[in-house]
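Observations on the three-dimensional arrangement
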Amino acid sequence: MTEATLKDVAQRTLGLIDLTNLNDDCTPADIDVLCKNAVTPHGQVAAVCLYPQFVAQAVKLLKGTKIRVATVVNFPAGGEDTAAVVTETIKAVEDGADDIDLVMPYKAFVAGRRGFAEDQIKQIRAVIPEGVILKVILETGEIKDPRLIHLASEVSIAQGADFIKTSTGKVKVNATLEAAEIMLNAIRETGKENHRPVGFKPAGGVRTVEEAKAYLDMADELMGHNWVSSATFRFGASGLLNSVLAAIEGKSNNNTEAY
């Protein structure tokens, strides 16, 4: 990839990033840094993504920007206490969350309890007001079976997901191009029946502009060159921003961290 092309991809990627801190030891001071880094000299990221207890802090820090505040629920295990997840979601929305990233109960789903997974997604969708985006995390590296990844995509979309997301970043295998292809095809195939846009979010392991380009190229090929925008495509990452800024500024970057 030429330097000019790398810079173009980096500039395209910047506004698609959900800049993430889901470290177990995250502190309010870390959220101050996260929100500060979300506004760069070259533009803003799409969103910050953080634990629910930091939502109100991020909303205050990002007031006056167009940066969305995303948070995670039922994270990372994808548990089965739906009532607790509903309560968690309502509180996050009350605190000002713009995006809810829900880990679907993927273990129950893989075990054949499709209806349980459908019901949980449906209940969370029901308590999310208009204008708040629901991203459903499939945890594709744990589902593994391509047929089940496709079915999980269909189920999530049918129950109201605005985005389907690959991973939590907390398991051994996170975002892969193989899972991305399955999920993008599911979005494409269900598009006519849904009558609404559904987005895609690879998360976990996308560390460099070169890696980001592979996902963008796939989305362009499968969905059309005008499909990708922050309304339909996000990268969930903690370290990708460093690579993006380095490429825009013509500097080298050895980036190693992403979620």
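The notes below deal with the structure included here. The structure displayed is predicted, hence computed values, not measured ones.

1. Digging into helix 9 (residues 177–194)
- Taking 1.5 Å of rise per residue, 18 residues should cover 26 Å, and helix 9 covers 24 Å from first to last C-alpha, within 8% of that figure.
- Buried within helix 9 we find Ala179, Ala180, Ile182, Met183, Leu184, Asn185, Ala186, Ile187, Thr190 and Asn194.
- Of the surrounding elements, those touching the buried residues of helix 9 are helix 7 (140–143), helix 8 (146–158), strand 8 (163–165), strand 9 (199–201) and helix 10 (209–223).

2. Notes on unusual backbone geometry
- In this model, Phe75 is joined to Pro76 through a cis peptide bond whose omega is -5°.
- Inspection of the secondary structure assignment puts Pro76 in the loop between strand 5 (68–73) and helix 4 (82–94).
- Within the chain, Asn74 stands out as a residue other than glycine whose phi angle is a positive 55°.
- Structurally, the position occupied by Asn74 is in the loop between strand 5 and helix 4.
- By relative accessible area, which is 11% here, Asn74 ends up buried.

3. Side note on the environment of Val173
- Looking at the secondary structure, you find Val173 in the loop between strand 8 and helix 9.
- Spatially, the C-alpha atom of Val173 lies 28 Å from that of Gln123, the residues being 50 residues apart in sequence.

4. Details of the pairing of strand 4 (residues 47–50)
- Residues Ala47 and Cys49 line one face of strand 4 and the alternating positions Val48 and Leu50 line the opposite face, and both faces are buried.
- In the sheet, strand 1 (residues 17–21) pairs with strand 4 via four bridges, with the strands oriented parallel. Across the sheet, the residue bridging to Leu19 is Val48, located in strand 4.
- Across four bridges, strand 4 lies against strand 5 in parallel orientation. By the bridge assignment for strand 5, Val48 is matched with Val69.
- With helix 3 (residues 55–61) bridging strand 4 and the parallel strand 5, this β-α-β connection has right-handed handedness.

5. What about the environment of Glu142?
- With respect to the helices and strands, the residue Glu142 is situated in helix 7.
- Among the residues examined, Glu142 registers a relative accessible area of 34% and is labelled partly exposed.
- The spacing of Glu142 and Lys172 is 30 residues in sequence and 8.4 Å in space, taken between C-alpha atoms.
- With near-sequence residues (within four places) excluded, Glu142 lies in contact with Tyr106 and Val171.

6. Let's talk about the packing of aromatic side chains
- Under the criterion given, the structure shown has four aromatic pairs.
- Ring centres 5.8 Å apart and planes at 70° place the aromatic pair Phe200 and Phe233 in the edge-to-face group. Here Phe200 is found in strand 9, whereas its partner Phe233 is found in the loop between helix 10 and strand 10 (235–237), with 33 residues between them in sequence.
- You can call Phe200 buried: its relative accessible area is 0%.
- According to the relative accessible area criterion, Phe233 is buried, its value standing at 0%.
- A ring pair is formed by Phe233 and Phe235, whose centres lie 4.9 Å apart and whose planes are at 70°; its orientation type is edge-to-face.

7. Quick notes on the packing of helix 9 against helix 10
- Relative to each other, helix 9 and helix 10 sit at 30°, their axes nearing to 10 Å. In terms of orientation, helix 9 and helix 10 fall into the roughly parallel class. Two packed elements cross with a definite hand, and for helix 9 against helix 10 that hand is right-handed. Where helix 9 abuts helix 10, its residues Leu177, Ala180, Glu181, Leu184, Asn185, Ile187 and Arg188 lie against Ala214, Tyr215, Met218, Ala219, Leu222 and Met223.

Parameters at a glance
Residues numbered from 1 in each chain as written. Predicted model: local features only at pLDDT ≥ 70, side-chain atom pairs only at ≥ 80, totals over all residues. Heavy atoms only, no water. Helix = DSSP H or I, 4+ residues; strand = E, 2+ residues; numbered from the N terminus. Expected span 1.5 Å × (residues − 1). Buried < 20%, exposed > 50% of the residue type's maximum accessible area, 1.4 Å probe, protein only. Contact = heavy atoms within 4.5 Å. Pairing = 2+ DSSP bridges. Right-handed = clockwise from strand over helix to strand, strands pointing away. Phe/Tyr/Trp six-rings, centres within 6.5 Å; stacked < 30°, edge-to-face > 60°. Axes fitted to C-alpha atoms, helices over the stretch in contact; angles between N-to-C directions. Parallel < 35°, antiparallel > 145°, perpendicular 65-115°, else oblique. Left-handed = near helix turned anticlockwise from the far one by under 90°.

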